[in-house]
Amino acid sequence: MVLEKMEMFLDNLQPMDLMRSEKMSFVQLIIPAESAHRAISYLGELGLLQFRDLNADKSPFQRTFVNQVKRCGEMSRKLRFFKDQINKAGLLSSAHPVIEPDVELEELEIQLGEHENELIEMNSNSEKLQQSYNELLEFKMVLQKAVGFLVSSNSHAVAEETELNENVYSNDDYGETTSLLEQELRSVPSNQSGLRFISGIIPRSKVVRFERMLFRATRGNMLFNQAPADEEIMDPVSTEMVEKTVFVVFFSGEQARTKILKICEAFGANCYPVPEDVTKQRQITREVLSRLSELEATLDAGIRHRNKALASIGYQLTKWMNMVKREKAVYDTLNMLNFDVTKKCLVGEGWCPSFAKAQIQETLQRATFDSNSQVGIIFHVMDALESPPTYFRTNRFTNAFQEIVDAYGVARYEEANPAVYTVVTFPFLFAVMFGDWGHGICLLMGALILIARESKLSSQKLGSFMEMLFGGRYVLLLMALFSIYCGLIYNEFFSVPFHIFGGSAYKCRDTTCSDAHIAGLMKYRDPYPFGVDPSWRGSRSELPFLNSLKMKMSILLGVAQMNLGIILSYFNARFFGNSLDIRYQFVPQIIFLNCLFGYLSLLIIIKWCSGSQADLYHVMIYMFLSPTDDLGENQLFWGQRPLQILLLLLALIAVPWMLLPKPFILKKLHTERFQGRTYGILGTSEMDLDMEPGSARSHHDDFNFSEVFVHQMIHSIEFVLGAVSNTASYLRLWALSLAHSELSTVFYEKVLLLAWGYDNIIIRLVGLAVFAFATAFILLMMETLSAFLHALRLHWVEFQNKFYHGDGYKFKPFSFASITEDDD
Amino acid sequence: MYGFEALTFNIHGGYLEAIVRGHRSGLFTAADYNNLCQCETLDDIKMHLSATEYGPYLQNEPSPLHTTTIVEKCTLKLVDEYKHMLCQATEPLSTFLEYCRYGHMIDNVVLIVTGTLHERDVQELLEKCHPLGMFDSIASLAVAQNMRELYRLVLVDTPLAPYFSECITSEDLDDMNIEIMRNTLYKAYLEDFNRFCQKLGGATAEIMSDLLAFEADRRAVNITINSIGTELTRDDRKKLYSNFGLLYPYGHEELAVCEDLDQVRGVMEKYPPYQSIFSRLSYGESQLLDKAFYEEEVKRLCLAFEQQFHYAVFFAYIRLREQEIRNLMWISECVAQNQKSRVHDSVVFIF
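Residues numbered from 1 in each chain as written. Chains lettered and ligands numbered in written order. Predicted model: local features only at pLDDT ≥ 70, side-chain atom pairs only at ≥ 80, totals over all residues. Heavy atoms only, no water.

What follows is about the overall build of chain A. Summing up its helical and strand segments, chain A has 25 helices and 13 strands in all. A burial count over chain A gives 44% of its 824 residues as buried. Counting contacts in chain A only where the partners sit at least 6 residues apart, residues at least 24 apart contribute 80% of the total. Working note: accessible area of chain A is about 43900 Å², and carbon and sulfur atoms make up 60% of it. (Helix = DSSP H or I, 4+ residues; strand = E, 2+ residues; numbered from the N terminus. Buried < 20%, exposed > 50% of the residue type's maximum accessible area, 1.4 Å probe, protein only. Contact = heavy atoms within 4.5 Å. Areas by Shrake-Rupley, 256 points an atom, 1.4 Å probe, with all protein chains shown as cover.)

This is the structure:
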C-alpha cells in the first residue's frame, strides 16, 4: 500500500529540467542542391543540429565541396597575411562595426586578391627603398667610424707611405660617386709595398668569429679595427633592429684581398669604400647625407600610404574573417552530406533536441523560400542505432557546475545528472573545509567583482588563469556565501570568535581566571544560540571539542551524500525500467550502507541529543568483534544490542545479495531468449548447417557468464570496501577544516598579535603586511584551491561512483556562434 | 649500470623520451600514405597535410605550391622539434643528439665545397644545405682552396675537426678528392659515434650498435658499387670502410676486390640479415637496392621504439622523420609531374 503510494507520488513528480538530458531525435534532411548552402548557413545561425559525417571514409580532398573549402582556406591565408601586416605596422585592427551591405563570397575573394597584390607590391617597393636606405645608412656609419681609424693609423704610419697613398688617391677619379651604391667596394688601388684596407660593417654577433677567420686566413698578417655603430639598422628580412659594428681591416697583398673579400661575403659583411683624403671624405659624407634625407622622405611617404591601405583593410578585417570562417564551416558541413542517386539532392543526417524540431522546420522553410527553390526541404525523424548525444540546456549560472561534472565524464543519454545536486553540495562541502566568515567575505568580494564586470570581461580575452576564475564566478559566489555561513557556525572571523548572537553560555567560576588561560568555566545560561560558543576559543579543551564536532559532522554529511548517490541510482534504474538493478543492486546497497554507517550516524545524533558519554568507537568495533557482549556503560538506548545484531546480520546478507542473484538471473533470461531463437533458426533446414557454428558463436559473444560474474563481483567488492573507505574519505572535511582554522590562528596570533605587542609603528606595519600577505596568498589562494580540489574529489569519487556512468558524449551542434568564439 | 636504466633513466631522459614518443605517433601511417597517393594536385597534398602535424607550417603558404616549399616546411618542423629536444636535453643526451646531426654537417660541407668548385653562388648553395647540418662559419668554406685550408680555416672550430685528421692533404680539391673526403669523414664519424654509444652502455649501446652497424655496412656496399669502374684502388677503397659492423673485417676484404654488382651480391648473401635484401633484387639491378636498404633501415628504426629507457629512439625518430620527408618529396614530385604511376617506386611505408 505504502509502496504503491510512493510509486504514484514518484510518477507524478514534475520532471526536473537539468536532471535528465534533453530528448534527442535522429533526423534526416533531404535538401535540394540549389538551397543547400542557404539552408546550412541558416542552420548554423540557429545552432541546434549536429550533423553526422556520412563521408567519413572519404579523404578531405575527395569530397564534393573541396574546391570551396580550398578557396576559403586561401582566403583565410590572405586575411592572416593582412593581420600580420597590420600587426607589424603597429596598427590596431580595431573592430569598427561598420554597417555595410554583405558582400558575396566571390566578390570578397576578388577584393582580397586585389588587396593582397597591392600590399605585396607596396611591400616590395618599400623593401627596395629600405635596402638602399640601409646601405646608405651603413655607409654613413662606416664613414664616420672608419675615418677615426684611418686618422690614427695614418698618424702612426710612416710619413712617406701616407704621401704615397695620397698620391694614389689623387689619381683616382672620384667622379663616380653618384654610382656609389652600385659600387660594391673599393679598396686602395694596387700598391705592392703599402698597407691596404677594406672597410665595412657587420652584425655585432658575428664580429668575433669574423675576426678569427680573418686572422686565420691571412695567417695573422692583418690589423683589425672595430667600433660599434651608433644606430641600429633594420634587418629587411626579419624587420628587427640589429646592432652592427664598423670594421676596418688593414692588410697587404693581392691574395689576401681576394680571401678577405670572400670571407666578407660569407659572413654577410657589407664593405664600403672610404677614401683616405679628408676633403673627399667630407664630400662623400655630404652626398650620402643628402641622399639619406631624400630617401627618408620617400620611405615615410610610402609607409604612410601603406598604413592608410592597411587601416582601410583593418576596419573590415574582423568581419571578413568571421565571414570566411562561417563559409568554411558551411562547406565543411556540406561535405558531411551525401548526394542522393539523382545528384539533385543532398542527404544529411544528424541529431537535434526534440524541442527544436519545429524551429528547424521553420528555418528550413525560410531557407527554401529565400532561395526560390521549387522543392521544399524534407525533414523527418528516423530511428538510430547508436545512443544519442547528451545535451543539457544550461544557463550561465548552472554552466560552471555542469562543467565540473563533465570534466569527470559526460553523462550517458538521459542519465541522472549530478550537476543538479552539485550546485548546492559542492559549495557547501567546500565551505565546511573553508569555514571562516572573514575569508568568506574576501572571496565574496572577489566573486562579486567578477560578476559585476561580467559583461565587460566576457567580451575580452583573458589569460588562462583569469579565464578559469571568470568561468567559475558563480561557483565562487556560492562558495563564498556558504563559507560565510559555515564560518558563522564555526564562529571564526580570521580565526577570531565574535559574540554576534548574544553572550557566551559560560562564565568563570571565580574572578581570578584570566582571558589567556581559561579554566574552570561553568555554564550559567542557555546554550549559545547559533554555532560554536565563543568561549571555547583559547580554552584547553578547544581542540578536542572542535575535532569531535567536525569529525562527527563529516561522517553525517558523508553518509547523507552517499545515500543520495544510491537513491539516485534507484531513480536511474526506474527511469530505464531496470527492475533487476533495483532489486539486486539498489536494495542491498542501501541496506548495507545504512546498517553500518547509517547506524553510526544514528548513534552520533542520539549521543548529541542525549549528551551521553558513550564511546562510539568502542560500540562500532565491538559490534563486529563480539556482537553478543553486553554494552555496559556504552549503551545509548534500550534494545541497542538486539538491534545491532539484526543490523549486522542484514549487512552480512546484503553482500551475497548484491553479488550472486544478478548474474544468474541475467544468464537465465538470456538462455530463455536464446532458446527461442534457435527454434526459429532450426525451422529452415538448409540454413541450419552453416548457421550452427555462427549462432553458437554469437551466443558466446552476446553473453559471457564468467565476464558478467567477474564484473558483478568487482562491483560488489568495490561497493563493500568503498562503503568503509568512502566514509573514511569524508573525514577530509574535518582535516581540512582543522588545518584551515589552525593556520589562520597561527597567522593571527604569531604574526599580527606578536607585532602588535611592540610599541613600534614599523614593526606593527611589517606585521600587518606579513599577515595580509599570508592571508591573501596562503589562506585565500592556496587553501581555496586545496579545499576546492578536495570537494571535487568528494563529488567525483565518493558521490558519483554510486550511480554515475558518465560514458556519454556531448551534443555539439553546428553553430556559427561557437565557431567565431574559438578563434585562435 | 647495464640493465638498471629503468631506475635512473627518467630523472633526465623521461620527459624527452615521452616527447619523442609523442612525435613518433605523429608519423604518417599507411592510411595517410594511401590518401596522399590519391592526391591529384599539390594543393590536395597541402590540404591533406593541413590536417596533420604539418598543418601549422604550411597554412601560410600561398597557393601555387612547389615541392621544394613542402619539403622545406616539413624539414623546418623536424628542425624545430630537434631544437626543442636539444634545448631540454642534459648530458649525455645532448651530446648524443649533437652526434645525430654530424652526418648532415658532413653532407653540407661536401655540398658547399663541391658547389664552390663548380663556381656556384654561395647563397644558393646555402639554401640547399640541410638545416640540421648548419654551423656558424659554413659560408666561409668557399674560401678554402685545398683540404689543409679547409681544415685550418673553418672546420677546426666545428665538431668535425677530429674526423679530419685522416684527410689533411695539400692536394687541390677535385670531385674525386671530395668524395673520398666525404667517405673518410663519414667513416670517422660513424666509428666515433659507435664508440660514444658503447661508452653510454646499456640498451642504448645495444640498439645503436645494431643501427650503426647497419649504416656502416650500407655505406660499405654503396662505396663498393659506386667505385666500381673508377680509378680508386682496392686498398684505398678498403680504407673507406668503417671498422665495425657485420661485414667487418672479412666482408670488407671480399668487398674490396669486387668488380661488378653480382660479386657484391655474392659477398652480401653470405650474411643472413642482408640475404633477404639482395634476394629480392633480380640480377644486375641496383636502382631498387636503395629502396630495399631504406625499407630494412625503417624496420630496424621502428624496432628501436619497442624498448624503453634508451637514447636510440631519438636517433630513430630523426631518421624516420627524414624518411617521411623523403617520401613526401617523392609523392609531391610524382604528383607535380603527373607521374602518379611511379609513386610507389620509392615510397617506404613506415607503419
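Past the structure itself, the notes keep going.
Okay, the overall build of chain B next. The number of helices and strands found in chain B is 18 helices and 0 strands. For 351 residues, the compact-globule formula gives about 20 Å, and the C-alpha radius of gyration of chain B, at 21 Å, lands near that figure. The buried share of chain B, taken over its 351 residues, is 54%. Across chain B, the fraction of contacts at a sequence separation of at least 24, relative to all contacts at a separation of at least 6, is 65%. Working note: accessible area of chain B is about 15700 Å², and carbon and sulfur atoms make up 51% of it. Each charge class in chain B can be summarised by its mean position, and for the 32 positive and 52 negative side chains these summaries are 2 Å apart. (Rg over C-alpha atoms; globule rule 2.2 N^0.38 Å. Lys, Arg positive; Asp, Glu negative; His and termini not counted. Charge placed at Lys NZ, Arg CZ, Asp CG, Glu CD.)

A few words on a nonpolar patch on the surface. All names here are of chain A. The grouping of F465, M466, M468, L469, F773, F777, I778, M781 and M782 at the surface amounts to a nonpolar patch, some 920 Å² of accessible area in total. Of all the secondary-structure elements, those providing two or more residues to the nonpolar patch are α14 (464-471) and α24 (761-799). Ranked by residues supplied to the nonpolar patch, first place goes to α24 with 5 residues. By the element assignment, M468 lies in helix α14. (Patch = residues over 30% accessible without salt bridge, like charges linked within 9 Å, V, L, I, M, F, W, Y side chains within 5 Å. Salt bridge = Lys/Arg side-chain N within 4 Å of Asp/Glu carboxyl O.)

This part is about the UniProt feature "coiled-coil region" (unreviewed entry) in chain A. Sites flagged by UniProt as "coiled-coil region" (unreviewed entry) map to residues 105-132 of chain A. Secondary structure over residues 105-132 of chain A splits into 100% helix and 0% strand, and the C-alpha atoms at its two ends are 40 Å apart. (UniProt positions renumbered as here; feature names shortened; annotations may be inferred.)

If you look at the interface, chain A gives 22 residues, while chain B gives 28 residues. Summing the contributions of chain A and of chain B, the shared interface buries around 2100 Å²; its carbon and sulfur component is 55%. In this assembly, chain A and chain B are joined by 1 salt bridge. The salt bridge involving A:K70 is made with B:D44; its shortest N-O contact spans 2.7 Å. Our count for the contact surface shared by chain A and chain B stands at 4 residue pairs in polar contact (both at pLDDT 80 or more). Among the elements of the structure, α3 (66-88), α6 (207-217) and α7 (254-267) of chain A are those that each provide at least two residues to the side of chain A that touches chain B. By residue class, the composition of the side of chain A that touches chain B is 9 nonpolar, 2 polar and 11 charged. (Buried area = accessible area lost by both parts, 1.4 Å probe. Polar contact = N/O pair within 3.5 Å; in protein donor to acceptor, adjacent residues only side chain to side chain. Nonpolar A, V, L, I, M, F, W, Y, C, P; charged D, E, K, R; others polar.)

What follows is about the sheet that holds strand β7 (residues 244-251) of chain A. All names here are of chain A. A sheet is described by the order of its strands in space; here 4 strands give the open sequence β4-β7-β3-β8, paired in antiparallel fashion. The open sheet has two edge strands with one neighbour each: β4 (222-228) and β8 (270-271). For β4 and β7, the ladder comprises 7 bridges, and the chain directions are antiparallel. Residue pairing for β7: Q226 is matched across the bridge by F247. On the sheet, α6 packs against β3 (196-203), β4 and β7 and is oriented at approximately 170° with respect to β4. Strands β3, β7 and β8 of the sheet are contacted by α7, whose axis makes an angle of about 10° with β3. (Pairing = 2+ DSSP bridges. Axes fitted to C-alpha atoms, helices over the stretch in contact; angles between N-to-C directions.)

Another point: the pairing of strand β1 (residues 24-32) of chain A. Within a regular strand, side chains alternate between the sheet's two faces. Residues and elements named next belong to chain A. Within β1, 8 of the 9 residues are buried, leaving the element largely enclosed by the surrounding structure. With 9 bridges joining them, β1 and strand β10 (residues 345-353) adopt antiparallel strand pairing. Directly across from M24, in β10, lies its bridge partner P353. Of the pairings in the sheet, the one linking β1 to strand β11 (residues 378-382) comprises 5 bridges and is antiparallel in character. Its bridge partner being in β11, F26 is matched across the sheet by M382.

Summed over the entire model, instances satisfying the criterion amount to 48 salt bridges over all chains. A salt bridge links A:R326 to A:E45; the nearest nitrogen and oxygen atoms lie 3.8 Å apart. One end of the pair, A:R326, is in helix α8 (residues 278-334); the other, A:E45, is in helix α2 (residues 33-46), and 281 residues separate them in sequence. Here A:E542 makes a salt bridge to A:R537, at a shortest N to O gap of 3.9 Å. With respect to class, A:E542 is no different from A:R537; both count as buried. Residues joined in a network through salt bridges with shared partners are B:E53, B:K77, B:E81, B:R321 and B:E324.

Time to look at the environment of A:F493. All names here are of chain A. Looking at the secondary structure, you find F493 in the loop between α15 (473-490) and β12 (506-508). As a C-alpha pair, F493 and S741 span 248 residues in sequence and 9.8 Å in three-dimensional space. Dropping the residues within four chain positions of it, F493 is found in contact with D436, W437, G438 and F498.

As a further point, take empty space enclosed by the protein. Rolled over the atoms, a probe as big as a water molecule pinpoints where empty space is left. Residues and elements named next belong to chain A. Counted under the stated rule, the structure contains 6 cavities of 30 Å³ or more. Approximately 90 Å³ is the volume found for the largest cavity. Lining the largest cavity are Y490, N491, E492, S495, P497, V532, D533, P534, W536, R537, E542 and L546. Per-class residue counts for the lining of the largest cavity are 6 nonpolar, 2 polar and 4 charged. (1 Å grid on protein atoms, 1.4 Å probe; cavity = no way out; pocket = protein on both sides within 12 Å on 5 of 7 lines; lining within 4 Å. Points joined across faces, edges and corners; volume = space filled by probe spheres on them.)

Inspection of the entire model under this criterion finds 0 disulfides over all chains. Here A:C345 is not cross-linked by a disulfide; its sulfur's nearest cysteine counterpart is in A:C352, at 20 Å. B:C74 carries a free sulfur, and the closest cysteine sulfur to it, the one in B:C39, is 13 Å from it. (Disulfide = S-S within 2.5 Å.)

Residues and elements named next belong to chain A. Following the UniProt record, one finds the feature "transmembrane region" (unreviewed entry) at residues 428-451, 472-490, 553-573, 585-606, 643-660 and 761-782. As annotated, residues 428-451 comprises 88% helix and 0% strand, and the C-alpha atoms at either end are separated by 20 Å. Annotation note: span residues 553-573, helix share 100%, strand share 0%, distance between end C-alpha atoms 30 Å.

With that settled, consider a negative patch on the surface. Side chains of A:E265, B:E72, B:D121 and B:E127 sit close together on the surface and give a patch of like negative charge. By the element assignment, B:E127 lies in helix α8 (residues 122-128).

Okay, the confidence of the model for chain B next. Mean pLDDT over chain B: 85, with 96% of residues reaching 70 or higher. Overall fold confidence (pTM) sits at 0.74, and the ipTM for the predicted complex is 0.75. (pLDDT = per-residue confidence, 0-100.)

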